[in-house]
Amino acid sequence: MSALPRRCQVVVVGAGYAGLATAIELREAGVDVVVLEAADRVGGRIWSERRDGVVVDHGGQWVGPTQTRLLAWAERFGCPTFQSYDVGRHVEIWADGTTYPFTSDQHSEGPGVEDYERLEGRLDALAATIDLADPLACSSLEEWDSQTVHSWVDAHVDSPAARRRLALAVQGVWSCEPRDLSMFHLLFYVAGAGGMRSLMETIGYAQDSRFVDGAQAPALAAAASLGGRVHVRTPVSAIRQGDDAVTVETARGNVRADRVVVTSAPAATSHIEFEPALPTSRRRWLASSVMGDVAKVHLRYDSPFWREDGLSGQMVAYDAQPVGVVFDNSPDDGSRGVLVCFTYGDRYRTFAALDPGERRTAVLDVLGRVFGPQAMQPLDYVEQLWPEDRWAEGGYAAVPVPGAWLEHARDGWRTPCGRVHWAGTETATVWNGYMDGAIRSGERAAAEVTAALAAESPGAVR
Ligand SMILES: Cc1cc2nc3c(=O)[nH]c(=O)nc-3n(C[C@H](O)[C@H](O)[C@H](O)COP(=O)(O)OP(=O)(O)OC[C@H]3O[C@@H](n4cnc5c(N)ncnc54)[C@H](O)[C@@H]3O)c2cc1C
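For clarity, every value in this text was computed on a predicted model and none was experimentally measured.

**Quick look at the site of the ligand**
Reasoning step 1: The immediate surroundings of the ligand are formed by 36 residues, with Glu-37, Arg-45, Thr-425, Gly-433 and Met-435 found nearest.
Reasoning step 2: Within the side chain of Glu-37, one N or O atom sits 2.6 Å away from an oxygen atom of the ligand.
Reasoning step 3: Compared with its free state, where it exposes 1000 Å², the ligand has 98% of that area covered by protein.
Reasoning step 4: Of all the secondary structure elements, the ones that give two or more residues to the shell around the ligand are α1 (17–28), β17 (294–301) and α15 (435–456).
Reasoning step 5: Residue classes in the shell around the ligand are distributed as 19 nonpolar, 14 polar and 3 charged.

**Focus: the UniProt feature "domain: Amine oxidase" (unreviewed entry) in the protein chain**
Reasoning step 1: UniProt tags residues 18–449 as "domain: Amine oxidase" (unreviewed entry).
Reasoning step 2: Its end C-alpha atoms 14 Å apart, residues 18–449 is made of 35% helix and 22% strand.

**As for helix α3 (residues 113–127)**
Reasoning step 1: Given a rise of 1.5 Å per residue, 15 residues ought to cover 21 Å, and the 21 Å separating the end C-alpha atoms of α3 matches this to within 8%.
Reasoning step 2: Three or more residues of α3 are buried, namely Val-113, Tyr-116, Leu-119, Glu-120, Leu-123 and Ala-127. Considered in projection along α3, the buried side chains sweep an arc of 115° and stay on one side of the axis. Exposed residues lying more than 90 degrees from the buried face of α3 are Glu-114 and Arg-118.
Reasoning step 3: Residues of α3 that are buried make contact with α5 (149–156), α6 (160–174), α7 (183–193) and α8 (196–200).

**Examining the UniProt feature "binding site: FAD" (unreviewed entry) in the protein chain**
Reasoning step 1: Sequence positions flagged by UniProt for "binding site: FAD" (unreviewed entry) are, in local numbering, Glu-37, Ala-38, Val-236 and Glu-426.
Reasoning step 2: Positionally, Ala-38 belongs in the loop between β2 (33–36) and β3 (48–51).
Reasoning step 3: Beyond its immediate chain neighbours, meaning those up to four positions away, Ala-38 contacts Arg-233, Thr-234, Pro-235 and Trp-391.
Reasoning step 4: When near neighbours in sequence (up to four residues on either side) are disregarded, Val-236 contacts Val-13, Leu-36, Val-248, Glu-249, Thr-250 and Ile-272.

About the cut-offs
- Residues numbered from 1 in each chain as written.
- Predicted model: local features only at pLDDT ≥ 70, side-chain atom pairs only at ≥ 80, totals over all residues.
- Heavy atoms only, no water.
- Near = heavy atom within 4 Å.
- Polar contact = N/O pair within 3.5 Å; in protein donor to acceptor, adjacent residues only side chain to side chain.
- Areas by Shrake-Rupley, 256 points an atom, 1.4 Å probe, with all protein chains shown as cover.
- Helix = DSSP H or I, 4+ residues; strand = E, 2+ residues; numbered from the N terminus.
- Nonpolar A, V, L, I, M, F, W, Y, C, P; charged D, E, K, R; others polar.
- UniProt positions renumbered as here; feature names shortened; annotations may be inferred.
- Expected span 1.5 Å × (residues − 1).
- Buried < 20%, exposed > 50% of the residue type's maximum accessible area, 1.4 Å probe, protein only.
- Arc of directions from axis to C-beta.
- Contact = heavy atoms within 4.5 Å.

Here it is as structure tokens:
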């Protein structure tokens, strides 16, 4: 492990996509930057593991066509992508065991589909009234941030089945329950993604493609391009601001810098000591930004046998079943079969309370009901419970509790605190909660820092 420098212009805390993007932008502006990462790897909530020759993305995995900053990284760092497998019948299964087939082009004949479609259109129309350049200027901020999605749906949606469909959408996209989610945050997020379909659908939308070598590949390449400037196994414990510099403390030594950019997820940031203490609005915002609860389970088979039966591998399970959504996560060439299962919100809590053997049985049971007995004989079973991850404490992203946008965001969301600046996907407007948003947030923070450095000392940046 190389020694930490004693002095640099900017310290970046965290080497996820946001931290790496911040550092790359700063390097390009000629700034002397050091990245301090707590974990023993870069990538943060993106972690690709090769298991028996097959890439498994334990965290984020998909990239869609409007996620242009992530796609630009894929091109820049030579990381090929391939389209998600979307051929054949998907299956939705309800708690009573009823199943309905559907495809990406043809809706299911299950209950509440038309009402749900109208509901999506209505959410899109409301989201379109939020100006992403200044979301807090939204004239309905108080009305929407005072309600949960649950209470809004209670008042506006009659169809019980459409409500259950929206509950599954909320779990799938925000990894929480409708009762946890502010109506304003939902609409802000929809606006930043370009619509509900954009968040929910596969080809042409957020789940369009995957990385051949896993979603961590661009992060690994970005870190390599920064050379010795990235230091892993270096948790930051304290950030102390003086009149003319900041001291960043770690167990491996302290680094003094002109500015610091903190990119850790809100829960992780709350464990760092700040001196002087952060302003109340920032502390309240961090405390109100609750990480989602999600686990991903991968199962590997000799081949994607479900394809022979005309099944796409995509499955949606309503209500309290142990998994919510299943996708075919096989490698591009289909040389092996991989299913990935997501469990979130209330189901996550039930799932996590089981012992590992019971969890495996619960997952195999659901898969067996849709894909047959072969699905119950995987060659490999691996799960990742994100709330247990020491440095993320959950995922996909933080969900501000109702009222947080209204009460604390004006100064607490991402306003710099003296020499300390903020990035991370939670600070993005476009694709908030996604890798693309993380990169955009790093680019925004780097621009903020270079402007501040240039204002202090015109020769400090190129
Ligand atoms: C299960 C799951 C599925 C997802 N699916 C997708 C998807 O398909 N597509 C998509 O675009 N996004 C997806 N996401 C979301 C995506 O992973 C995140 O939006 C993105 O990775 C966040 O990047 P970030 O840099 O903002 O934060 P992080 O990745 O959390 O990076 C922050 C870094 O800070 C480090 N850190 C924390 N505390 C300290 C400290 N004290 N000192 C130093 N370092 C510290 C952490 O170790 C971490 O490396 C998913 C996430 C999860 C969990």
